[in-house]
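# Secondary and tertiary structure notes
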Amino acid sequence: MQQNQIDLLKSQTVAPQQLFIDGKWQPGTGSQLEVISPVDGEVITTIERASRADMQAAIKAARQSFDDGRWANQAPGERKRVLLKLADLIQQNALELAVLGVRDNGTEIGMAIKAEPGSAAGTFRYYAEAIDKIYGEIAPTSANVLGLIHKQPVGVVGAIVPWNMPLMIGAWKLAPALAAGNSVVLKPAEEASLTLLRLAELAAEAGIPDGVFNVVTGQGSKVGEELALSMDVDVLVFTGSGNTGRRLLEYSARSNMKRCYLELGGKSANIVFADAPDLDKAALGAAMAIFRNSGQICVSGSRLLVEHTIHDEFVAKVSQHAENLRVGNPLELSSQIGAINSQRQLTSNLEFVAKAKDQGADLVTGGEQILQASGGYYMQPTIFTGVEPHHHLAQHEVFGPVLGVTPFNNEAQAIALANDCNYGLAGAAWTSNLGRAHRMIKAVNTGGMFINTYGGADVTMPLGGVKQSGNGVDRSLHAMDKYINLKTAWIQL
Ligand code: ADP
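What comes next concerns the included structure.

Reading the values: the criteria
- Numbers given to residues run from 1 along each chain, matching the order in which its sequence is written.
- The predicted nature of this model means local features are confined to residues of pLDDT at least 70 and side-chain atom pairs, given and counted, to a pLDDT of 80 or more, with totals for whole chains, interfaces and linings taken over all residues.
- Calculated side-chain values reflect all of the structure's heavy atoms, with hydrogen atoms and water omitted.
- Whether a residue is near a molecule or strand depends on its heavy atoms: if one lies within 4 Å, it is near.
- By the criterion applied in these results, polar contacts are pairs of N or O atoms within 3.5 Å in which, for protein atoms, one can donate a hydrogen and the other can accept it, and in which residues neighboring in sequence qualify only through two side-chain atoms.
- Shrake-Rupley sampling with a 1.4 Å probe provides the accessible areas, and residues are treated as covered by the protein chains on show and by no other component.
- Put simply, DSSP marks the helices as runs of H or I at least four residues long and the strands as runs of E at least two long, and each gets a number from the N terminus on.
- Residues are grouped as follows: Ala, Val, Leu, Ile, Met, Phe, Trp, Tyr, Cys and Pro are nonpolar; Asp, Glu, Lys and Arg are charged; every other residue, Gly included, is polar.
- DSSP bridges decide pairing: two strands pair if at least two such bridges lie between them.
- Axis lines are fitted to C-alpha atoms, over the contacting stretch for helices. Their N-to-C directions set the angle, which ranges from 0 to 180 degrees.
- A helix is expected to span 1.5 Å for every residue after the first.
- The classification of residues rests on relative accessible area computed with a 1.4 Å probe and restricted to protein chains. Under 20% of the type maximum is buried, over 50% is exposed, and intermediate values are partly exposed.
- In plain words, nonpolar cores are sets of buried Ala, Val, Leu, Ile, Met, Phe, Trp, Tyr and Cys residues tied together by side-chain atoms within 4.5 Å.
- Residue ranges assigned to each domain were obtained from an automatic or database domain assignment.
- Contacts are assigned to residue pairs that have any heavy atoms within 4.5 Å of one another.

## Here's the deal with the site of the ligand
Neighbouring the ligand are 19 residues; Val161, Lys187, Glu190, Ser241 and Thr244 lie closest to it. Within the side chain of Ser241, a nitrogen or oxygen atom sits 2.7 Å from an oxygen atom of the ligand. Taken by itself the ligand offers 550 Å² of open surface, and the protein chains cover 86% of this. Of all the elements in the fold, those that place two or more residues in the shell around the ligand are helix H8 (220-229) and helix H9 (242-254). For the shell around the ligand, a count of residues per class yields eight nonpolar, six polar and five charged.

Here you go:
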């Protein structure tokens, strides 16, 4: 990836976007939303602010396409061929997709190229390869019975995704859903729809039949709600905020009790013991755990718990990294950290800073909006020490570059602090004591733990939360379970 390639792509005009319903691009019957780039505050294009009727049309198309079996009944090898082609097309268009995505959501391009098209292509390939390797089962019943367990697609999947990593998270839901034979209606976030609309184009080119994959843009509170309330949607899969997740459960209860799988963010504890094998490496890891993509990552290590004997020395090291990071235009390869997604998110981040100060935490570095002359939304990497467990900053997800540091005296206190939170998505422990590492993995109540690193990810490893971080997992073969019904047949012999 060269700067001149990025420069060529970043100024391309983007045509006003439409809805992708039943294999066709269609204007919405609502109004339009301006797409404002967080890079420079400029309007890139418009997307449709679809109406409820538009969403109903997409659900109807998905239902029809599922019920007539145009995708679900294709030979597994054929569905595999189509999804592999889609993976190839994503890869062939990777830089274009990455630049478009960065213009839309502000992630630094070095991260976006790997985490967005790179990861999405890999995810489609992984589930495509799985299609013809997943077998039904024969239950160990008594000899005069044949108990068959078929794995069937559930039907129509409604997928609602956020703005931070739309292609990556979108692929985590779409690829296993489509691989299992379902039809999908996707509702991207208002703040980052462009790459998922482009994905619809590539999916059609790959040969996904009409109606099997639909994309409807617009407001969560309107078209998202319509999708979640539909009697014709069988499974809802979601990544986003806890407040919206709570609403989706209500919508499910008020409609057809559809299955809801929720990934709702976190307040992950990054725990550094004095016996960490390399404190310099741990300090860099702690900084990148929260400042990468300006903290706009669900598994960010936003609570730093540090053993009191190394607290001051360690905070000084992390602060040094925070101050040295080059925050700037995410389409410049020289920038290490990009933009905040929107004015709304930046305002929310600054409110967290103000509240942390009010509650008595100590601002060590950062705390301010920067680069206002660019017209975009940028913020300094920010660190507070003296954060107490009851503080707002210790309990609520900022989804921004704001780190709260809390000292601890011993292992038991570290575990208690880590678990004193409603979230349970990720966490980390840095220690050279093998026994302690395994004790931390067991004792910290999260979906996943990192040991002596922060933030490794692979499609082969499930990602999901416990407590109020959600339920169900994305990635790995386990994710297929969300999109499959077990259908039994009891055959008397
Ligand atoms: P954030 O605050 O990070 O934007 P949200 O949970 O509001 O997180 O957004 C994640 C996704 O949920 C977006 O696609 C958004 O449009 C959608 N959404 C928001 N509110 C609702 C709702 N009431 N019903 C369905 N979807 C919603």
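## Focus: the sheet that holds strand S5 (residues 137-139)
Read from one edge to the other, the open sheet built from three strands follows the order S5-S6-S23, with strand pairing classed as antiparallel. Each edge of the sheet is formed by a strand with only one pairing partner; in this case those strands are S5 and strand S23 (484-492). The average angle at which neighbouring strand axes cross in this sheet is 30°, direction not considered. Sheet topology note: the strand S6 (residues 145-153)/S23 ladder contains nine bridges and is antiparallel. When the sheet's bridge partners are listed, Val145 is paired in S23 with Gln492.

## Brief notes about helix H4 (residues 94-105)
With twelve residues, H4 extends 16 Å between its outermost C-alpha atoms, agreeing within 8% with the 16 Å of an ideal straight helix rising 1.5 Å per residue. The buried fraction of H4 amounts to eleven of the twelve residues, a majority that puts the element mostly inside the structure. The complete set of buried residues in H4 reads Ala94, Leu95, Leu97, Ala98, Val99, Leu100, Gly101, Val102, Arg103, Asp104 and Asn105. Just past H4, the residue Gly106 takes up positive phi, approximately 90°.

## Some remarks on the nonpolar core
One finds Phe124, Phe213 and Phe314 to be the most contacted residues of the largest nonpolar core, which totals 98 residues. Ranked by the residues each element gives to this core, the list is headed by helix H6 (residues 166-179), at ten residues. Domain assignment of the residues forming this core places at least three in each of domain 1 (3-264 + 470-492) and domain 2 (269-458). In this view, Phe314 contacts Val272, Leu279, Ala282, Ala283, Ala286, Leu304 and Val306; residues no more than four positions away in its chain are not counted. Counting 23 residues, the second largest nonpolar core, distinct from the first, contains Met55, Val156, Val216 and Cys260.

These results come straight from atomic positions and should not be treated as a statement about function.
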